[in-house]
Amino acid sequence: MNIVIKKHFLLYKGYKLKCTIGKSGITLSKREGDLSTPRGTFSLGLLYYRKDRIKQIKCKIKKKTITKNMGWCDDSRSKKYNQEISFPFKYGAEALYRKDRIYDLFINIKYNSWPVVKKRGSAIFLHLADSKYKPTKGCVGISKKNFMKILPLINKNTKISIN
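Counting from 1, residues in each chain are numbered in the order their sequence is written. A pLDDT threshold of at least 70 governs which residues receive local features in this predicted model, and a stricter bar of 80 or more applies before side-chain atom pairs are shown or counted, although totals over entire chains, interfaces and linings include all residues. Calculated side-chain values reflect all of the structure's heavy atoms, with hydrogen atoms and water omitted.

Examining the sheet that holds strand 10 (residues 93-95)
Strand-to-strand pairing in sheets goes through backbone hydrogen bonds, with the strands running parallel or antiparallel. Pairs of strands are assigned from DSSP output, requiring at least two bridges between the strands. Each helix corresponds to a stretch of at least 4 residues labelled H or I by DSSP, and each strand to a stretch of at least 2 residues labelled E; elements are numbered beginning at the N terminus. On the basis of which strands lie adjacent, the open sheet formed by three strands has the order 9-8-10 and antiparallel pairing. Every other strand in the sheet has two partners, leaving strand 9 (84-86) and strand 10 as the edge strands with one partner each. The sheet shows a mean angle of 40 degrees between the axes of neighbouring strands, direction not considered. As judged from the three bridges shared by strand 8 (residues 70-73) and strand 9, these two strands associate in the antiparallel manner. Paired with Trp72 across the bridge in strand 9 is Glu84. The axes are straight lines fitted to the C-alpha atoms, using for helices just the contacting stretch, and the angles between their N-to-C directions are given from 0 to 180°.

Laid out in structure tokens, this is it:
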């Protein structure tokens, strides 16, 4: 069963949960920096988490601890575009270890991952929303409480459909 994103709701296994998406809405023609969420059905990658902030995780997917030097390349000049990187890094990249808590827990949405197409968008995640559900730069955000509710139900075959 797929996770479905429709307008500002995440639908999954009987749950209808409030979510936030990119400030520019949903698009079929995603471009780097356009603030839109890509339309389509995508596989899910690793679960990343801050073990200093998230104590217990019940999940069926592979997980990875976020460290202070981790980032995600969003610079299309790099061979590591749309991939996890380590700082120091000579190209543009987003830090994964953040103060604002939205990346305390996230799953990589496998958008533009095989093959990676330069400038088609990077770092599209299912992550934590801020308390006001402020629009994202292209990701999908849900509350920590709701993330923890659906996380044990997600497995390696779960996909996300963004409509």
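Having seen it, we continue.
A short note on the environment of Lys159
Summarising the element assignment, Lys159 is placed in strand 14 (residues 159-162). Type-normalised accessible area, obtained with a 1.4 Å probe on protein chains alone, sets the label of each residue: buried when under 20%, exposed when over 50%, and partly exposed for intermediate values. Relative accessible area serves as the criterion here: at 33%, Lys159 is assigned to the partly exposed category. C-alpha of Lys159 to C-alpha of Asn112: the two residues are 47 residues apart in sequence and 14 Å apart in space. When sequence neighbours within four positions are dropped, the list of residues in contact with Lys159 reads Asn2, Ile3, Thr41, Phe42 and Ser43. Within the structure, Lys159 has its side chain in polar contact with the side chain of Ser43 (distance 3.3 Å). Here a residue-residue contact requires only that any non-hydrogen atoms of the pair lie within 4.5 Å. Here a polar contact means two N or O atoms within 3.5 Å. Within protein one must be a hydrogen donor candidate and the other an acceptor candidate, and residues neighboring in sequence count only if both atoms are side-chain atoms.

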